[in-house]
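Each chain, written out:
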Amino acid sequence: MKNSIKNKLTIVSVLTFSISFGQNIEGLVTTNQNIPLEAVNIVIKGTTSNTISDSRGKFIIDTKGKLPLTLLAQYVGYKTAEIEITSFSIPSLQITLNEENALVEVVVSSRRRIEKVQDVPIAISVITGKQAEQTGAFNVNRIKELVPSVQLYSSNPRNTGINIRSLGSPFGLTNDGIDPGVGFYVDGVYYARPAATTLDFIDVEQIEILRGPQGSLFGKNTTSGAFNITTRKPSFTSGADFEVSYGNYAFLQAKASITGALSKKIAGRISFSGTQRDGLIDNVATGKSTNTLNNQGIRGQLLYTPTERTNIILAADITTQRPDGYAQVVAGVAPTQRAAYRQFNAIIADLNYQLPSLNAFDRKIDHDTPWRSGQDLGGISLNIDTKIGNGTLTSTTAWRFWNWDPSNDRDFTGLQVLAKSQNPTRQTQITQEVRYAGQLISKVSGVVGVFFIDQTSKTDGTEESGNAQWRFAQSTTSALWKTPGLFEGYGIKTDASIRSSSAAVFGQLDWAITDRLHVLPGLRYNFDKKDADYSRKTYGGLQTTDPALLALKKLVYSDQAFTSNTDNTDFSGNLTVSFKATDKINAYATYAKSYKPVGVNVAGLPTNSSGQPLLDLAVIKPEKVNHYEIGVKTSPFKNSILNLTFFNTDIKDFQTNVQAAELGVNRGYLANADKVRVSGAELDASIIVNNHLTINGAVTYTDGKYIKFTNAPLPLEETGASVAFKDVSGTNLPGASKWAGSLGGELSDNAKFFGNSGKIFIAVDSYARSEFSSSPSASKYLIVQGYALFNARLGFRATDGFSVQFWGRNLLNKDYYEQLLPAGGNTGQYAGVIGDQRTYGITLKYSL
């Protein structure tokens, strides 16, 4: 089965195979129209042994008696066939080659079975590992340029949100007390921390992006979609890939992967990825650039096949990130409704300070607190697949950890407002999933499973004031604010921890009423429990017993402690009807009742008039989701795909992250918006025009709104108003662009390079999105304008041997923001996460 899957992915159909006389392989090579191919180059991979087929398409090659081995069948204009051979037993090998530009019948495993993506009644996008490598999409942030339904927002790895169809994570600061709405799986292992999406992919085989609620197929319930990533597995045939890229700003990326047999039943694979780059923003105060890249990752796997029906894979990985990075640049100043002396420009004038530039795209900062975004992510997993009856029983056991070591300058200036701002975190998780997938009875197939996760997260944070804090915090005209040393060194130590456990039983059936009409019901039962402890204590500053001075200090920082415990159960499910009208038209309709589990606040709470935390805000109600979707997948003519989806998602008690206006009360806390709605349409298309030209594209329209949200936080420009909340019902959800799309194409021709047969090519990719709100409550100052990016590459690629590619990203050098966010304290200044300027370079690859 594994060989069959691999050959499908490479458009190779292996009907039979064998070796005659013990050491020779003989066979026949034909086209998919059964026409014999003459002069096909047959190579034993990793050796110099080769032969060619004769006028009847037949060949014989000497194996020297060595097994296992991999044969490559190469012919100009056709896809290279790659066939693994492990025994000398059957008397004939027949290989069918397809044209180089025949449309790939992509297969996926998102429904826990191997099937063609066009037959799956789910809106799904697939990016192969080769596509990701060729387009330079080495992390999720770049994948969003290929799949416009995906959004990723990151002011640093901890504060990262990944959304599908504008839903998934609250926009703004991350809170450990809630679950993400987009699942992230690597080889069946659930990654609970969204920070994993900021790290480099390591030796990826395929990325499947499922859109819409996924509760009856995956262990962890997700309300808006899932990333299902598979890595390349160990092979009993030796092979290796080496790749290195060089670019401007001292960009250097190296990748390597080696695989082969360790014994008759054990194979191994080890893979490495490393990325470095100089900074793209200049710190004029230090004379150094910041926002560098410095990522390294390694992944090792052992495959054990005790029987033909059982595969066991033990995998371990660790990825580290040590950049001087994630600095944000002041993008503008908004006038607030506070008194004139509390406006940002008045404050910095009193302190004899001016920004290094009034244009964020000068890419200049003078931050006095170093930026540090160190993180380590890794773990170990054991996956057992064994065939039982007409299906496969799978057990996936995993332990993972995430360490976060940050330093930030959250006032975004060269002033010592906040001398320290850091929240180091350590998270660990244990997961166990057991599921059975296959044919259950006649006409009924499906998947049924159980899932458990237990995770702990502990944060020991520090925030400390500098010598300019008094002026930014000043909220009255009292001269006491100027008391020397009152706030200098004054801060809070935070101790926050949460333990979260979840258990579930889930399943989905596929009832084939007829060969063309299928009904697919799914059901899930979930139990969630969360226990949180939060404590912060003040320290430092001027030591005084003066009640007036103590009152001023308390306005900036105050002690707070609370405990929160909650649990919840939920039934959810979905129903899909799929109808294959013809071999080229597959239509489906889905209703899903889903949810996001109950949440708890572990980042501080607002306080009442006596300074006590409002404990009724400690627990956040679960989201309740009603989702409708209809879609059609078509192949209107040869070598083409055209898929269209319409969707509507209503969420009651939408979990949204809000930011308090007062510095020091808390960084951010969660609340529930009464109701939101996201509706829209998606179009995916690809076409192979001829043997030389391919075109692909996708476009999505999304209308995301707060249907009812009467107690939303004030937008930046209304800070200081006489009311505490604002009714933002009817306004747009943050992060939701009305339009987003991607369009790409490749022009290629057959060529030879250093004796290797392959393709010379030139390709262009583009991505665009319309404007979107970058604030939980819409602010006219925090609107990210729409933008379009153009990337290109040209070079030569071969299946085996040497490949070279020249590439450029953001070729028009477009200035754009990925996110806008207000500074702590809401004094009016706001900063931007700036997109990369034009970058270019060369990639060299060698495969054997």
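Residues numbered from 1 in each chain as written. Predicted model: local features only at pLDDT ≥ 70, side-chain atom pairs only at ≥ 80, totals over all residues. Heavy atoms only, no water.

Caption draft 1: Seen up close, the overall build of the chain. Within the chain, the secondary structure is distributed over 6 helices and 50 strands. By the compact-globule yardstick of 29 Å for 848 residues, the chain fits well, its C-alpha radius of gyration being 29 Å. If one aligns the C-alpha atoms of the chain with their principal axes, the spans along those axes are about 100 × 55 × 45 Å. Across the 848 residues that make up the chain, the buried fraction comes to 57%. (Helix = DSSP H or I, 4+ residues; strand = E, 2+ residues; numbered from the N terminus. Rg over C-alpha atoms; globule rule 2.2 N^0.38 Å. Buried < 20%, exposed > 50% of the residue type's maximum accessible area, 1.4 Å probe, protein only.)

Caption draft 2: Just the sheet that holds strand S14 (residues 182–186), in detail. Taking strand neighbours across the sheet as the criterion, the 5 strands line up as S11-S16-S17-S14-S15 in an open arrangement whose pairing is mixed. In this open sheet, the two edge strands, each paired with only one partner strand, are strand S11 (124–128) and strand S15 (189–190). Bridge count between S14 and strand S17 (residues 225–231): 5 bridges; the pairing is parallel. Opposite valine 182, over in S17, you have glycine 225 as the bridge partner. (Pairing = 2+ DSSP bridges.)

Caption draft 3: Fine view of the packing of aromatic side chains. Enumeration according to the criterion identifies 20 aromatic pairs in this entry. Here phenylalanine 184 and phenylalanine 227 contribute two aromatic rings whose centre-to-centre distance is 5.9 Å and whose plane-to-plane angle is 40°, an arrangement assigned as tilted. Pair noted here: phenylalanine 184 is in strand S14 and phenylalanine 227 is in strand S17, with a separation of 43 residues, a long-range link. A relative accessible area of 7% places phenylalanine 184 in the buried class. Residue phenylalanine 227 is classed as buried on the basis of its relative accessible area, which comes to 0%. Ring geometry for tyrosine 525 against phenylalanine 571: centres 4.9 Å apart, planes inclined by 50°, an arrangement best described as tilted. A residue pair is termed long-range when its members are at least 10 positions apart, and tyrosine 525 in strand S33 (residues 517–539) and phenylalanine 571 in strand S34 (residues 560–582) qualify at 46 residues. By the ring-pair criterion, three or more aromatic residues cluster together here, those being Phe184, Tyr191 and Phe227. The aromatic ring of tyrosine 191 is capped on one face by arginine 400, whose charged end is 4.0 Å from the ring centroid. (Phe/Tyr/Trp six-rings, centres within 6.5 Å; stacked < 30°, edge-to-face > 60°. Lys NZ or Arg CZ within 6 Å of the ring centre and 35° of its normal.)

Caption draft 4: Seen up close, the pattern of salt bridges. Applying the stated criterion across every chain yields a total of 39 salt bridges. Between glutamate 746 and arginine 797 there is a salt bridge; the shortest N-O distance is 2.4 Å. Remark: arginine 797 occurs in strand S46 (residues 787–797) and glutamate 746 occurs in strand S42 (residues 739–753); sequence separation between them is 51 residues. With relative accessibility at 23%, the residue arginine 797 sits in the partly exposed group. Among the ionic contacts, a cluster of salt bridges with common partners joins Glu133, Asp203, Glu205, Arg232, Arg269 and Lys845. (Salt bridge = Lys/Arg side-chain N within 4 Å of Asp/Glu carboxyl O.)

Caption draft 5: Examining the side chain of aspartate 510 more closely. With respect to the helices, strands and loops of the structure, aspartate 510 is situated in strand S32 (residues 491–512). Accessibility expressed as a relative area gives 6% for aspartate 510, which makes it buried. Excluding residues within four positions of it along the chain, aspartate 510 makes contact with Arg111, Arg113, Lys443, Val444, Ser445, Gly446, His518, Val519 and Leu520. (Contact = heavy atoms within 4.5 Å.)

Caption draft 6: Representation of helix H6 (residues 547–556). When we look at burial in H6, the residues that qualify are Leu549, Leu552, Lys553 and Val556. Buried residues of H6, seen end-on, are gathered within an arc of 100° and therefore sit on one face of the element. When the buried face of H6 is taken as reference, the exposed residues oriented beyond 90 degrees from it are Pro547, Lys554 and Leu555. Put simply, aspartate 546 is the residue that caps the front of H6, since its side-chain oxygen is 2.9 Å from the backbone nitrogen of alanine 548. (Arc of directions from axis to C-beta. Polar contact = N/O pair within 3.5 Å; in protein donor to acceptor, adjacent residues only side chain to side chain.)

Caption draft 7: Representation of a nonpolar patch on the surface in the model. A surface patch of nonpolar side chains, about 770 Å² in accessible area, is lined by Leu262, Ile266, Leu302, Tyr304, Leu314, Ile380, Leu382, Trp399 and Ile430. Only strand S23 (293–307) and strand S27 (372–388) provide two or more residues apiece to the nonpolar patch. By the element assignment, tyrosine 304 lies in strand S23. (Patch = residues over 30% accessible without salt bridge, like charges linked within 9 Å, V, L, I, M, F, W, Y side chains within 5 Å. Areas by Shrake-Rupley, 256 points an atom, 1.4 Å probe, with all protein chains shown as cover.)

Caption draft 8: A look at the pairing of strand S28 (residues 391–407). Relative to S28, S27 runs antiparallel, the two being bridged by 17 bridges. Among the inter-strand pairings, serine 373 is bridged to a residue of S28, identified as proline 406. As judged from the 14 bridges shared by S28 and strand S30 (residues 425–441), these two strands associate in the antiparallel manner. Directly across from tryptophan 404, in S30, lies its bridge partner threonine 425.

Caption draft 9: Seen up close, the sheet that holds strand S4 (residues 50–52). Spatially, 4 strands are ordered S4-S3-S6-S7 in an open sheet, and the strand pairing comes out antiparallel. Since the sheet does not close on itself, it has two edges, and those belong to S4 and strand S7 (81–85), each with one partner. Each neighbouring strand pair of the sheet contributes to a mean axis angle of 20°, computed without reference to strand direction. The pairing of strand S6 (residues 69–74) with S7 spans 5 bridges and is antiparallel. For leucine 71, the partnering residue across the bridge sits in S7 and is isoleucine 83. (Axes fitted to C-alpha atoms, helices over the stretch in contact; angles between N-to-C directions.)

Caption draft 10: Molecular detail of the nonpolar core. With 34 residues, the main nonpolar core has Phe412, Leu415, Phe472, Tyr817, Leu820 and Tyr830 as its most contacted residues. Among the elements of the structure, strand S25 (329–333), helix H4 (344–350), strand S48 (817–822) and strand S49 (829–834) are those that each provide at least two residues to this core. In this structure phenylalanine 412 touches Gln328, Val330, His367, Trp371, Leu821, Pro822, Ala823 and Ala831, once residues within four positions along its chain are discounted. Counting 28 residues, the second-largest nonpolar core is a separate cluster that includes Val186, Phe201, Phe227 and Trp402. (Core = buried A, V, L, I, M, F, W, Y, C linked by side-chain atoms within 4.5 Å.)

Caption draft 11: Looking closely at the environment of threonine 86. The residue threonine 86 is located in the loop between S7 and strand S8 (93–97) in this model. Along the sequence, threonine 86 and threonine 237 sit 151 residues apart, while their C-alpha atoms lie 8.5 Å from each other. Beyond its immediate stretch of four places on either side in the chain, threonine 86 contacts Leu67 and Pro68.

Caption draft 12: Seen up close, the environment of glycine 786. Residue placement: glycine 786 occurs in the loop between strand S45 (783–784) and S46. Discounting chain neighbours no more than four positions away, the residues touching glycine 786 are Arg769, Ser770 and Glu771.

Caption draft 13: Just the environment of phenylalanine 802, in detail. Note on placement: phenylalanine 802 falls in strand S47 (residues 801–809). Taking the C-alpha atoms as reference, phenylalanine 802 lies 12 Å from isoleucine 760; in sequence the two are 42 residues apart. Apart from the residues within four sequence positions on either side, phenylalanine 802 is in contact with Phe753, Phe754, Asn756, Phe796, Leu844, Lys845 and Tyr846.

Caption draft 14: Broad picture of the side chain of threonine 645. Looking at the secondary structure, you find threonine 645 in strand S39 (residues 640–658). Residue threonine 645 is classed as buried on the basis of its relative accessible area of 4%. Excluding its chain neighbours within four sequence positions, the residues that come into contact with threonine 645 are Ala123, Arg165, Tyr588, Glu629, Ile630, Gly631, Gly680, Ala681 and Glu682.

Caption draft 15: Here's a closer look at the confidence of the model for the chain. Per-residue confidence for the chain averages 87 on the pLDDT scale, and 93% of its residues sit at or above 70. Low pLDDT, under 50, characterises residues 1–22; the predicted model gives this stretch 57 contacts beyond four residues in sequence or across chains. Confidence drops under a pLDDT of 50 for residues 661–667, and excluding neighbours within four residues, the segment shows 29 contacts in the predicted structure. (pLDDT = per-residue confidence, 0-100.)

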